[in-house]
Amino acid sequence: MIIFEKVGKKFQSKDREIQAVEDVSFAVEEGEIFGIIGFSGAGKSTLLRLVNLLERPTTGTVYVDNLAIDKLSQKELRKLRQNIGMIFQNFNLFNSRTVFGNVAYPLRIAKLPKDEISRRVTELLRFVGLEDKANSYPDQLSGGQKQRVGIARALATSPKILICDEATSALDPETTNEILHLLKKVNEELNITILLITHEMNVIRKICDRVAVMENGRIIEEGTVLDIFSNPKTKTTRNFISSILNDSLSDTLRKNLHSEGTKVLYRLTFKGEVTKRPILSEIAKNFNVDVNIINGTIDEIQGGLFGNLMVELRGKNSEVAKVIAQLSKVVQVKEVYLHES
Ligand SMILES: Nc1ncnc2c1ncn2[C@@H]1O[C@H](COP(=O)(O)OP(=O)(O)OP(=O)(O)O)[C@@H](O)[C@H]1O
Ligand SMILES: [Mg+2]
């Protein structure tokens, strides 16, 4: 539905060039929620703006519905933009217009008759749960409510694609979850494809089907969310993931482990069938090693199970090494040194 083919974007300012996006190729399938995660300055917003030609690529091609969008006529481009809704971190609402006026705006531009606009806006406000706020002004709304208005406005022209630039970054965790829930509903009930960018792994975990990790303008890793979580290939991805895994140890626990001479723990991550296997008791039975579970969770990600365990292995070094070799056949094993975690 959206295809990036070797896309690059270079900005030219007076004294220097900035390669904001470089050699990016990936495809977003119809009906999915695709997330792009990266640190500040990675090039995410630039990448998103290439989808509706708010920016033109300097190299490569972006296709939407099999059309190379840089070749479109003005008329076709207007049509494309009606087909792509967009929401923003700072909502970008008109403060001088009511909620009704904000949502009606794209419909007025599209020159719909008044009664049809009214019907459509009412329907949209009901969909986002704001039917009682039609006459309020943005200043009278909470952040979460403002983003609901932003979503209603983005949906006004019945787009097939919704692109979201850090749509929840200005919101507290609970409100973030509500908005993510609404985006999921947009995807499932209205069958709208969503491309979102974020710097929060939590957003990816909650609603995305697939994810790409972006760094210095490039995509460094891409896959289903479950695959990326259970087997991240790059350090950057591992950092994003560990930011939401509950594996920070309390000071007391750390001290206790230290005083017992423990220097290293092991983080085991795994998915699918393995989550049902008693791998640790298999280990304890077959090797002369004691397994001490420090913490652990099994989460559901996009309908699949994802396990994350932190364990201590007590025994002779040679025996521990055998256990690691055995475990590595079925799960991802990462050493966590106590002084650094
Ligand atoms: N119009 C512009 N002119 C010049 N440089 C730009 C322009 N837009 C973006 N850049 C540069 O391109 C790089 C990528 O910026 P971009 O806004 O895409 O990053 P981002 O990943 O969205 O970051 P953030 O998470 O902070 O929003 C940055 O170095 C930025 O300064
Ligand atoms: Mg940005």
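Please refer to the structure placed before this passage.
These numbers come from a predicted model, not from an experiment.

Take the sheet that holds strand S13 (residues 304-314) next. Across a sheet, paired strands are connected by hydrogen bonds in the backbone, their directions being either parallel or antiparallel. With antiparallel pairing, the four strands of this open sheet are ordered in space as S12-S13-S11-S14. Two strands bound the open sheet, and with one partner strand each, they are strand S12 (290-301) and strand S14 (332-337). Taking each pair of neighbouring strands and ignoring which way they run, the sheet shows an average axis angle of 20°. Pairing geometry for strand S11 (residues 264-271) and S14, over six bridges, is antiparallel. Following the sheet pairing, Thr269 is matched in S14 by Gln332.

A separate point is unusual backbone geometry. One non-glycine residue with positive phi stands out, namely Asp23, at about 50°. Summarising the element assignment, Asp23 is placed in strand S2 (residues 17-28). Taking the relative accessible area as the measure of exposure, Asp23 reaches 44% and is therefore partly exposed. Phi is positive for Leu53, which is not a glycine, with a value near 60°.

Moving on to the site of ligand 1. Lining the immediate environment of ligand 1, one finds Phe11, Ile18, Ala20, Phe39, Ser40, Gly41, Ala42, Gly43, Lys44, Ser45 and Thr46. A distance of 2.8 Å separates an oxygen atom of ligand 1 from a polar backbone atom of Gly41. In isolation ligand 1 offers 630 Å² of accessible surface; the protein chains occlude 60% of this area. For the shell around ligand 1, the secondary-structure elements that each account for two or more residues are S2 and helix H1 (44-49). The element best represented in the shell around ligand 1 is H1, accounting for three residues. In the shell around ligand 1, the residues fall into five nonpolar, five polar and one charged.

Quick notes on the rules
- Residues numbered from 1 in each chain as written.
- Chains lettered and ligands numbered in written order.
- Predicted model: local features only at pLDDT ≥ 70, side-chain atom pairs only at ≥ 80, totals over all residues.
- Heavy atoms only, no water.
- Pairing = 2+ DSSP bridges.
- Helix = DSSP H or I, 4+ residues; strand = E, 2+ residues; numbered from the N terminus.
- Axes fitted to C-alpha atoms, helices over the stretch in contact; angles between N-to-C directions.
- Buried < 20%, exposed > 50% of the residue type's maximum accessible area, 1.4 Å probe, protein only.
- Near = heavy atom within 4 Å.
- Polar contact = N/O pair within 3.5 Å; in protein donor to acceptor, adjacent residues only side chain to side chain.
- Areas by Shrake-Rupley, 256 points an atom, 1.4 Å probe, with all protein chains shown as cover.
- Nonpolar A, V, L, I, M, F, W, Y, C, P; charged D, E, K, R; others polar.

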